[in-house]
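Chain by chain, the residues:
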Amino acid sequence: MTEYKPQQLDQKWQAQWTAARAFEVQEDPARPKYYCLEMFAYPSGHAHVGHVRNYIIGDVMARTKRLRGFNVLHPVGWDAFGLPAENAAIKTGTPPETSTFNNIAHMKGQLQRLGVSYAWDREIATCLPEYYKFNQWIFLKMFERGLAYRKRSTVNWCPSCQTVLANEQVVEGACWRCGTVVETRDLEQWFFRITAYADELLQGLETLAGWPEKVVVMQRNWIGRSVGARVRFPIADGAIEVFTTRIDTIHGATFVLLAPEHPLVERFAAESPDPAAFRAALAKFRALDRDARLTGKEGFDTGRTARNPFTGADVPIWVANFVLAEYGTGAIMAVPAHDQRDFDFARKYGLPIRVVVQSGDQTVPAGTMSEASTSYGRLINSGEYDGQESPAVLTRLIADAEERGIGAGEVQYRLKDWGISRQRYWGTPIPIIYCDRDGVVPVPLDQLPVALPKVTAFTGKGDSPLAQVPEFVTTTCPVCGGPARRETDTMDTFVDSSWYFLRFCDPRNTDLPFDPANASYWMPVDFYSGGVEHAILHLLYSRFFTRVLRDVGLVAFDEPFRRLLTQGMVLKDGAVMSKSKGNVVDPDDMLSKYGADALRLYVMFVAPPEKEVEWSDSGLEGSFRFLVRVWRLVDHWAETIGGEGIPPCGDDGTDAERRLRRKTHETIRRVTADIEERMHLNTAVSSLMELVNELYVFSEGTVHGAPSRHPQELGEVERMQSIAALREATDALVLMLSPFAPHAAEEMWQLLGHTESLAQAQWPGFDPAVAQAAEVVVPVQINGKVRARLTVPAATTDDELRALALSDAAVRQHLDGRTVRKVVVAKGPLVSLVVQ
RNA sequence: GCGGAAGUGGCGGAACGGCAGACGCGCUAGCCUCAGGAGCUAGUUGGAGCAAUCCAGUGGAGGUUCGAAUCCUCUCUUCCGCACCA
């Protein structure tokens, strides 16, 4: 009797895996590949059990696929650039690279203690020059193609911290760090032209059958494709262009609205009879603009008019807070009768409302409307278009507008180009040089990487920290050799994570981001898991980068991730774990108490992987108890059933033996499907628990002496057949348990006399003939309720079942003289009687 | 407001139109123990019954079906995402 000592097993097997480089892989075209990836981690310091869940989900998939014969790539890396390290440097003076590498070292230890089967030889960290060199390489390729460009744009600025903030760092209009109200500043920024791929990214969503519908929908909404028309409303000296999806309502456009930032607003001010008064109104308006944007409809009259090109009427031009400068043309035609926002605005300022679409039979007079009518219908008050139905009339109106030269069909996207400039230190330098003579000059590819210089003093004040490093800024122009300045902004860290999965295919390449041949072998990622918080940004950017690299010629596919699992968070006391709340469950505490396997098993068993779960100490104990139970069983039988020379199971077993074998094969079928097809890892574990329960039942029924589940009293098996059945069940159990509890499984595999390690083993085979019971229990339903059960040979025909059901005593009692109107024999099998 | 997902025992959850509550946690009783926060056995949706068994039951109301937790319609609730996108 050996005791289950998980900590010893963890150490022993982790050391063996490391020594044997057990999970390192090479490209091998002869074998089917499987690329299993978890979203790589930001090295924040300590992983909590929420992170652990993600790694273990991936590890269960990776380990299962290895046993299934796949060449499995399961790499690990670090999303190592980012703000927290830099903020820590400002606060404590610890250089970002120091804290980052310390954190990586600690978290790496945690992952290793969990026994995650990573290909450690492929480990990457995005903050290393050998990695970010290729961020720069890709940037330059995009620059070449016009996909990276520079323009002035508005950024968030914290006047107290003297720095730019990302949108995510602005909480309710204030700086996340100091709470100061955030201002906006116009800066020259670099952008990636993701909008060039908007349609392709949208259409590609249709092919993502292995993604959660939720994520697909979120991306579709984020891209936000709108089909409509651009229409010109002439003004005295030019025209205002508006974008509309409802050109069918254009005869009801009774005024035009401009965004406060619209270029014409400034011109109107200058040309107004009283520019000072106009500017005062505008200034007042802009002051309340930020909050008013969210709360209500605000505006003021410019005193000018535009002509509705379809009605010929002159309509007033107003400025309105709710019109967005960055969407469409920054100007809209307002149709108060058929748009709720325009309706509210018209009512507030007494502007005319004109009904032009009739949805029901009766016309609603504009004066009595309580809200806008936004549905399609038959046009009225629309001149020659009266009586036509929208949406069909949309096409005709667009065609007519094109013919008259006043507009054209147009598609708009909510998706905007991706601003990647960050006025921060701890990121990839943008490989651009500014020369007074040659302008914006890309750093030549052979001069990469543009290395991030060491900075010692982090103040958090002023512009980009790199601007304060003269030896970095000062350089020579690659074109003319004259004095020049380097770009001092760094790239958004989302750039780093947009292609790292490709780098894993060839992580040590010094010439290219990766060898196309390697990527062609490993990609796409077959299984990708991570938090749903990346549903849009990271997953959209990665799809964008993949297409860019396709056009550059490095890959030959469009979609990087075949199957996506968004894992749920682990909560403690109903809240997300965080240091400030003091509710963090540290995996290391759990490891020292119960070992890696119990923790792994628990987080897989507690709920389906995509569900949010509440951490439970007693649940973890339950998983530990289960492992002890398995251990005792295997330890007890190992000598009897282990080693060589156990014959395969025959066909002439006793009932108990047949029953155990049936359970074994049924479990193989279920566990395999649960992991590979359904990703229901929780039910895979519960099936294994059932098999263990069955093994204990079998042990009682086939041994000498008093039946007992006391391990000490488990007896001897009498028949070679029983030994064979036990061996089959136990081998299958250990193999199927190994993805979840790899350390205990390796040890038990050895105990059972296997000389090769689990790394060389194969997943157990499923035999449907064995899983098939000789006798089946067939429920009999009467009017939908089960009233009897028939135990019949599996081969019983439908006709026989029908006859047996009708003659069954319990059934007859329930029929009680009533007439049977219909008998259905369904697959299952199951007999259903309809009785009147 | 729009969009998405989900409502099943005391709890986490099973059940891919066919026996509701698998598996586990917790709880109850018992066994074993010097002892036990160990192990084992039995029970554990509610109601009725000594019992076999019967009745009700998957947020609510309808519907489709021989048969619905599952599909459809409406409705309530919760969570998540986007939030003036013209």
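In this text, all values refer to a predicted model and were calculated from it rather than measured experimentally.

**Q** Help me understand the overall build of chain A in this model?
**A** Summing up its helical and strand segments, chain A has 26 helices and 34 strands in all. Taken along the three principal axes of its C-alpha coordinates, chain A extends 110 × 85 × 50 Å. Here chain A holds 836 residues, and the buried ones make up 54% of them. Restricting the contact set of chain A to residue pairs at least 6 apart, pairs at least 24 apart contribute 71%. Carbon and sulfur atoms form 51% of the exposed surface of chain A, whose accessible area is close to 36,500 Å². Taking the average location of the 90 positive side-chain charges in chain A and that of its 105 negative ones, the two points are 3 Å from each other.

**Q** What's the story with the pattern of salt bridges in this structure? I'm lost.
**A** As a working rule, side chains carrying opposite charge can pair if their charged atoms are close by. With the rule as written, the count across this model stands at 48 salt bridges. Its salt-bridge partner being E747, residue K12 comes within 2.8 Å of it at the nearest N-O pair. Here E747 lies in helix α23 (residues 742–751) and K12 lies in helix α1 (residues 6–20), a separation of 735 residues in the sequence. With relative accessibility at 33%, the residue K12 sits in the partly exposed group. A salt bridge links E410 to R230; the nearest nitrogen and oxygen atoms lie 2.6 Å apart. Residue E410 is located in strand β18 (residues 407–413), and its partner R230 is located in strand β10 (residues 225–235); the two are separated by 180 residues in the primary sequence. The class of R230 is partly exposed, set by a relative accessible area of 26%.

**Q** Explanation requested: the sheet that holds strand β24 (residues 483–486) in the structure shown.
**A** Across a sheet, paired strands are connected by hydrogen bonds in the backbone, their directions being either parallel or antiparallel. The sheet built from four strands is open, its strands ordered β22-β21-β24-β23 with antiparallel pairing. Taken across any chain shown, the strands that pair with only one partner, and hence form the sheet edges, are β22 (439–442) and β23 (474–476). Between one strand axis and the next, the sheet turns by 40 degrees as a mean value, whatever way the strands run. Note: strand β21 (residues 432–435) against β24, three bridges, orientation antiparallel. Its bridge partner lying in β24, Y434 is registered against R485.

**Q** Even after reading the chapter, I still don't get the sheet that holds β10, so can you show me in this structure?
**A** The strand order across the open sheet formed by three strands is β11-β10-β18, and the pairing between neighbours is antiparallel. Pairing within the sheet leaves two strands with one partner each, and these edge strands are β11 (238–244) and β18. With strand direction ignored, the average angle separating the axes of adjacent strands in the sheet is 35 degrees. Looking at chain direction, β10 and β18 are connected through seven bridges and run antiparallel.

**Q** How do you make sense of the packing of helix α18 (residues 587–605) against α23 when you look at a structure like this?
**A** When two helices pack together, you describe them by how their axes are tilted relative to each other and by the distance separating the axes. Contact geometry of α18 with α23 gives a least axis separation of 7 Å together with a crossing angle of 115 degrees. Of α23, the residues touching α18 (which contributes A596, D597 and R600) are P742, H743 and A744. Tallied by class, the residues present in the contact of α18 with α23 amount to three nonpolar, one polar and two charged.

**Q** Just checking my understanding: could you explain the side chain of T428 for this structure?
**A** Summarising the element assignment, T428 is placed in the loop between β20 (421–422) and β21. The exposure class of T428 is buried, given its relative accessible area of 0%. A polar side-chain atom of T428 sits 2.9 Å from a polar atom in the side chain of N135. Not counting residues up to four positions away in its chain, the partners in contact with T428 are F81, Y132, N135, Q136, D489, T490, M491 and D496.

**Q** I tried to follow the environment of T730 on my own but got confused; where do I start?
**A** Tracing the chain through its elements places T730 in helix α22 (residues 720–737). Classification of T730 as buried rests on a relative accessible area of 1%. Distance from T730 to D551, taken between C-alpha atoms, is 52 Å for residues 179 residues apart in sequence. Contact partners of T730, with chain neighbours within four places excluded, come to V634, I641, L695 and L752.

**Q** Explain the packing of α1 against α23 to me, please; I cannot follow it from the model alone.
**A** Where α1 meets α23, the axes come as close as 9 Å, and the angle between the chain directions of the two elements is 85 degrees. Relative to α23, α1 is oriented roughly perpendicular. Two secondary-structure elements touch here, α1 through L9, D10, K12, W13, Q14 and W17 and α23 through P742, H743, A744, E746, E747 and Q750. Here the contact of α1 with α23 is composed, by residue class, of five nonpolar, three polar and four charged.

**Q** What should I look at first to understand helix α11 (residues 340–349) in this one?
**A** Helical periodicity: at 3.6 residues per turn, an α-helix aligns residues three or four positions apart in one direction. Within the sequence span of α11, burial applies to D342, F343, F345 and A346. One face of α11 carries all of its buried residues, which in axial projection span an arc of 165 degrees. Here the buried face of α11 lies against β12 (255–258), β13 (299–307), β14 (314–320) and β15 (331–334). One or two positions beyond α11, positive phi appears at G350, with a value near 65 degrees.

**Q** What is the right way to read the confidence of the model for chain A from this model?
**A** In low-pLDDT regions, the fine details of the predicted coordinates are not to be read closely. The predicted model of chain A averages 88 in pLDDT, with 94% of residues at 70 or higher. The ipTM, which scores confidence in the relative placement of chains, is 0.93 for this predicted complex, and the corresponding pTM is 0.92.

**Q** Sorry if this is basic, but what is going on with the pairing of β11 here?
**A** Of the pairings in the sheet, the one linking β10 to β11 comprises seven bridges and is antiparallel in character. Across the sheet, A229 pairs through a bridge with T244, a residue of β11. Linking two consecutive strands that pair antiparallel, namely β10 and β11, is a turn of two residues.

**Q** For this particular structure, what's the right way to read helix α20 (residues 655–678)?
**A** Taking 1.5 Å per residue, 24 residues should reach 34 Å; α20 reaches 32 Å between its end C-alpha atoms and fits that length. Just downstream of α20, M679 is the residue with a positive phi angle, here 55 degrees.

Cut-offs and rules
Residues numbered from 1 in each chain as written. Chains lettered and ligands numbered in written order. Predicted model: local features only at pLDDT ≥ 70, side-chain atom pairs only at ≥ 80, totals over all residues. Heavy atoms only, no water. Helix = DSSP H or I, 4+ residues; strand = E, 2+ residues; numbered from the N terminus. Buried < 20%, exposed > 50% of the residue type's maximum accessible area, 1.4 Å probe, protein only. Contact = heavy atoms within 4.5 Å. Areas by Shrake-Rupley, 256 points an atom, 1.4 Å probe, with all protein chains shown as cover. Lys, Arg positive; Asp, Glu negative; His and termini not counted. Charge placed at Lys NZ, Arg CZ, Asp CG, Glu CD. Salt bridge = Lys/Arg side-chain N within 4 Å of Asp/Glu carboxyl O. Pairing = 2+ DSSP bridges. Axes fitted to C-alpha atoms, helices over the stretch in contact; angles between N-to-C directions. Nonpolar A, V, L, I, M, F, W, Y, C, P; charged D, E, K, R; others polar. Polar contact = N/O pair within 3.5 Å; in protein donor to acceptor, adjacent residues only side chain to side chain. Parallel < 35°, antiparallel > 145°, perpendicular 65-115°, else oblique. Arc of directions from axis to C-beta. pLDDT = per-residue confidence, 0-100. Expected span 1.5 Å × (residues − 1).

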